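Tertiary structure, described
Chain by chain, the residues run as shown.
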Amino acid sequence: MNQHHYLPHTEADIARMLARCGASSLDDFYSDVEPDLRIKKPYDVCPGMSEPELDAYMRRLSSANRELICFAGGGFYHHHTPAAVEAITSRSEFLTAYTPYQPEISQGTLQYIFEYQSMMAELTGLDVSNASMYDGATATAEAMIMAVASARKKRRVLISATINPAVAAVVGTYAAGAGITVETIPEHEGITDRTAFTEMLGSGDVAGVIVASPNYYGILEDYSGWADECHAVKALLIMNCHASALGVIRTPGEWGADIACGEAQSLGIPLNYGGPGLGYLCARRDLMRKMPGRIVGATTDADGQRVFVLTLQAREQHIRRQKATSNICSNQGIMTLHAAAYLSLMGSEGLAEVNRLGSEAMHSLAEKLCATGRMSLLYPGRTFLNETAFKINRPLDADRIIDSLADHGILAGIKLDDDAILVAATEMCSPADIDRYVSLVNNL
């Protein structure tokens, strides 16, 4: 009889394993562990439950959660996920191998990755897309590594101060381990300082330049001529973009960027207490062999039927570990499928409608908040889509607004400073939600 309810090993199994290890008991097996580090009381694990009991227990736990109306963004956004997405992601055709190394048994997985790649390439205006990136921050770090690998002897990368600080921190961590020098292009009134960019680029040895669209403050910056300046000194232009916004804003391909990367959570992936996310990475065709992750291609089998296969596998760690382009191995398959299903259902018109509704909600909120005199735009005159930064007028401060509105069921935004807050709106924010937000701020 197994005394551990949550472990599959029987007494006989444990005895055989101990004998194989040359230990007489579990205490003997763990004898090298210091006594002070060992648990001396039973695990605090509840007893087994029947299915109805477990269902009731989980419902009691979930009832303790508070669902707040979300006006926070900063890279992750509360969008509606069509019910059909869950139905599609549950289809048995897609429940194939976790890692699609064997195409014969992985056609479902390979097909949705191929469709995802096709849609992301169209969305970014670039030639090729991969899959298997963890999140937007690590995808941006991998883009940096691609730029350095392409430049060969250059190991200096410039990054705009207007990029999400969390993304910049991850890029810095990757750079430290890879021996890459990262320098920050300063910002001026909410956008990247163009003069500083030109001067820093002209000092030489720059492999790549990383900018954001929209930037961290929600501002749409003008990158006219940036790609030409980068290419003149043989550097690559990398654009970190809010994936959903690419349905309506100028694409990285149209700006002349070499690589597009970022977070794809906005493509219908629900917010779940911090994750999971989905990193995307797209590039020009000539950079394809420098890309990490999976690339799926379409071909025909011996019978002439259309099939899908992994391409360029020699770059991956299961083929040549020491010479792999990257050691990323988790394929983020379910999130890739989720985004592909969302994009296929929404289409270009649906994506444009989502952004139109979010933009209208954000501009309405901004106008009404500024009219209260309690807050004003941090960067007036700048173009924004569905997110912008506000300056908070005294005696209010960011903590007071965030805490007070949370007590009334509203996630007010992200604190930038004591007197500044970043606020976002999506199609999920109704006119009544906006009026309530404004009323609460006005009465503080």
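Please read all numbers here as calculations on a predicted model, not as lab measurements.

Broken down by element type, the protein carries 13 helices and 17 strands. The principal-axis extent of the C-alpha atoms belonging to the protein is close to 75 × 60 × 50 Å. Residues counted as buried form 45% of the 444 residues belonging to the protein. Between the averaged position of the 36 positive side-chain charges in the protein and that of its 52 negative side-chain charges there is a distance of 6 Å.

Moving on, we come to the nonpolar core. Counting residues in each nonpolar core, the largest one holds 54 residues, and the members touching the most others are Val209, Leu237, Leu267 and Tyr280. Looking at this core, the elements that each hand over two or more residues are α5 (107-124), α8 (194-202), β7 (206-213), α9 (226-232), β8 (236-241), β10 (279-283), β12 (306-310) and α11 (333-372). Ignoring sequence-local partners within four residues, the contact set of Val209 consists of Leu158, Ile185, Phe197, Leu201, Cys230, Leu236, Leu237 and Ile238. Judged by nonpolar contacts, the second largest core, of 30 residues, contains Ile159, Val167, Ala175 and Ala207.

Before going further, it helps to spend a moment on a nonpolar patch on the surface. A cluster of nonpolar side chains, contributed by Leu26, Phe29, Tyr30, Val33 and Leu37, occupies part of the molecular surface with about 470 Å² of accessible area. Residue position: Leu37 is located in the loop between α2 (26-29) and α3 (51-62). You can call Leu37 exposed: its relative accessible area is 67%.

Read across the sheet, four strands follow the order β13-β14-β17-β16 without closing on themselves; strand pairing throughout is antiparallel. Single-partner strands in this sheet number two, and they are β13 (375-377) and β16 (414-417). The mean inter-strand angle of the sheet, taken between neighbouring strand axes irrespective of direction, is 35°. Alignment of β13 against strand β14 (residues 387-392), held across three bridges, turns out to be antiparallel. Of the residues in β14, the one forming a bridge with Ser376 is Lys391.

This part covers the packing of aromatic side chains. One pass over the structure, following the stated rule, counts nine aromatic pairs. Between the aromatic rings of Phe94 and Tyr112, the centroid separation amounts to 5.6 Å while the plane-to-plane angle is 75°, which identifies the pairing as edge-to-face. Here the residue Phe94 occupies a position in the loop between α4 (83-89) and α5, and Tyr112 occupies one in helix α5, the gap between them amounting to 18 residues. Tyr112 carries the same exposure label as Phe94, and that label is buried. Measuring from centroid to centroid gives 5.2 Å for Phe114 and Phe308, while their planes differ by 50°, and the two rings are tilted. One end of the pair, Phe114, is in helix α5; the other, Phe308, is in strand β12, with 194 residues separating them in the sequence. This pair shows no difference in class: Phe114 is buried, exactly as Phe308 is. Cluster of aromatic residues (ring-pair linked, three or more members): Phe197, Tyr223, Trp226 and Trp255. Cation over ring: Arg250 sits above Trp255, and NZ or CZ is 4.0 Å from the ring centre.

Our focus in this paragraph is unusual backbone geometry. Geometrically, the link from Ser213 to Pro214 is a cis peptide bond, its omega value of -10° lying close to zero. Looking at the element boundaries, Pro214 is found in the loop between β7 and α9. The amide bond that connects Arg394 to the next residue, Pro395, takes the cis arrangement and shows omega of 10°. When you line up the elements, Pro395 lands in the loop between β14 and α12 (398-407). One non-glycine residue, Glu189, lies in positive phi territory at about 55°. Position of Glu189 relative to the elements: it lies in the loop between β5 (187-188) and β6 (191-192). One non-glycine residue, Lys234, lies in the positive phi region at around 60°. Secondary-structure assignment places Lys234 in the loop between α9 and β8. Residue Lys234 is classed as exposed on the basis of its relative accessible area of 69%.

Orientation of α11 relative to helix α13 (residues 431-442), taken along the N-to-C sense of each, is 20°, at an axis distance of 10 Å. The angle between α11 and α13 places the two elements in the roughly parallel class. Where α11 crosses over α13, the handedness of that crossing is right-handed. For the pair formed by α11 and α13, the contact residues are Ala361, Ser364, Leu365, Lys368, Leu369 and Thr372 on the first element and Ile434, Asp435, Tyr437, Val438, Val441 and Asn442 on the second.

When two helices pack together, their arrangement is given by the angle between the helix axes and the distance between those axes. The contact between helix α6 (residues 136-151) and helix α7 (residues 165-178) brings their axes to 8 Å, and the two run at 45°. By the angle between their directions, the pair α6 and α7 is classed as oblique. Judged by the sense of rotation from one axis to the other, the crossing of α6 with α7 is right-handed. Facing Ala137, Thr138, Thr140, Ala141, Glu142, Met144 and Ile145 of α6, the residues of α7 in contact are Val167, Val170, Val171, Tyr174 and Ala175. Tallied by class, residues from the contact of α6 with α7 come to nine nonpolar, two polar and one charged.

Secondary-structure assignment places Asn240 in strand β8. Once residues within four sequence positions are removed from consideration, Asn240 is found in contact with Gly136, Thr140, Ile163, Val167, Val211, Ala212, Ser213, Cys261 and Gly262.

Throughout this description, disulfide means a covalent bond between two cysteine sulfur atoms. Tallying each qualifying case throughout the model produces zero disulfides. No disulfide involves Cys282; its sulfur sits 9.2 Å from the nearest other cysteine sulfur, which is in Cys261. The buried category is assigned to Cys282, whose relative accessible area is 0%.

Quick look at the pairing of β10 now. For β10, the buried fraction is high: five of the five residues fall into the buried class. Alternating positions in β10 separate into two faces, Gly279, Leu281 and Ala283 on one and Tyr280 and Cys282 on the other, with burial throughout. In the sheet, strand β2 (residues 128-129) pairs with β10 via two bridges, with the strands oriented antiparallel. By the bridge assignment, Val128 is partnered in β10 with Ala283. Inspection of the sheet shows strand β9 (residues 259-263) paired to β10 by five bridges, in the antiparallel sense.

About the cut-offs
Residues numbered from 1 in each chain as written. Predicted model: local features only at pLDDT ≥ 70, side-chain atom pairs only at ≥ 80, totals over all residues. Heavy atoms only, no water. Helix = DSSP H or I, 4+ residues; strand = E, 2+ residues; numbered from the N terminus. Buried < 20%, exposed > 50% of the residue type's maximum accessible area, 1.4 Å probe, protein only. Lys, Arg positive; Asp, Glu negative; His and termini not counted. Charge placed at Lys NZ, Arg CZ, Asp CG, Glu CD. Core = buried A, V, L, I, M, F, W, Y, C linked by side-chain atoms within 4.5 Å. Contact = heavy atoms within 4.5 Å. Patch = residues over 30% accessible without salt bridge, like charges linked within 9 Å, V, L, I, M, F, W, Y side chains within 5 Å. Areas by Shrake-Rupley, 256 points an atom, 1.4 Å probe, with all protein chains shown as cover. Salt bridge = Lys/Arg side-chain N within 4 Å of Asp/Glu carboxyl O. Pairing = 2+ DSSP bridges. Axes fitted to C-alpha atoms, helices over the stretch in contact; angles between N-to-C directions. Phe/Tyr/Trp six-rings, centres within 6.5 Å; stacked < 30°, edge-to-face > 60°. Lys NZ or Arg CZ within 6 Å of the ring centre and 35° of its normal. Parallel < 35°, antiparallel > 145°, perpendicular 65-115°, else oblique. Left-handed = near helix turned anticlockwise from the far one by under 90°. Nonpolar A, V, L, I, M, F, W, Y, C, P; charged D, E, K, R; others polar. Disulfide = S-S within 2.5 Å.

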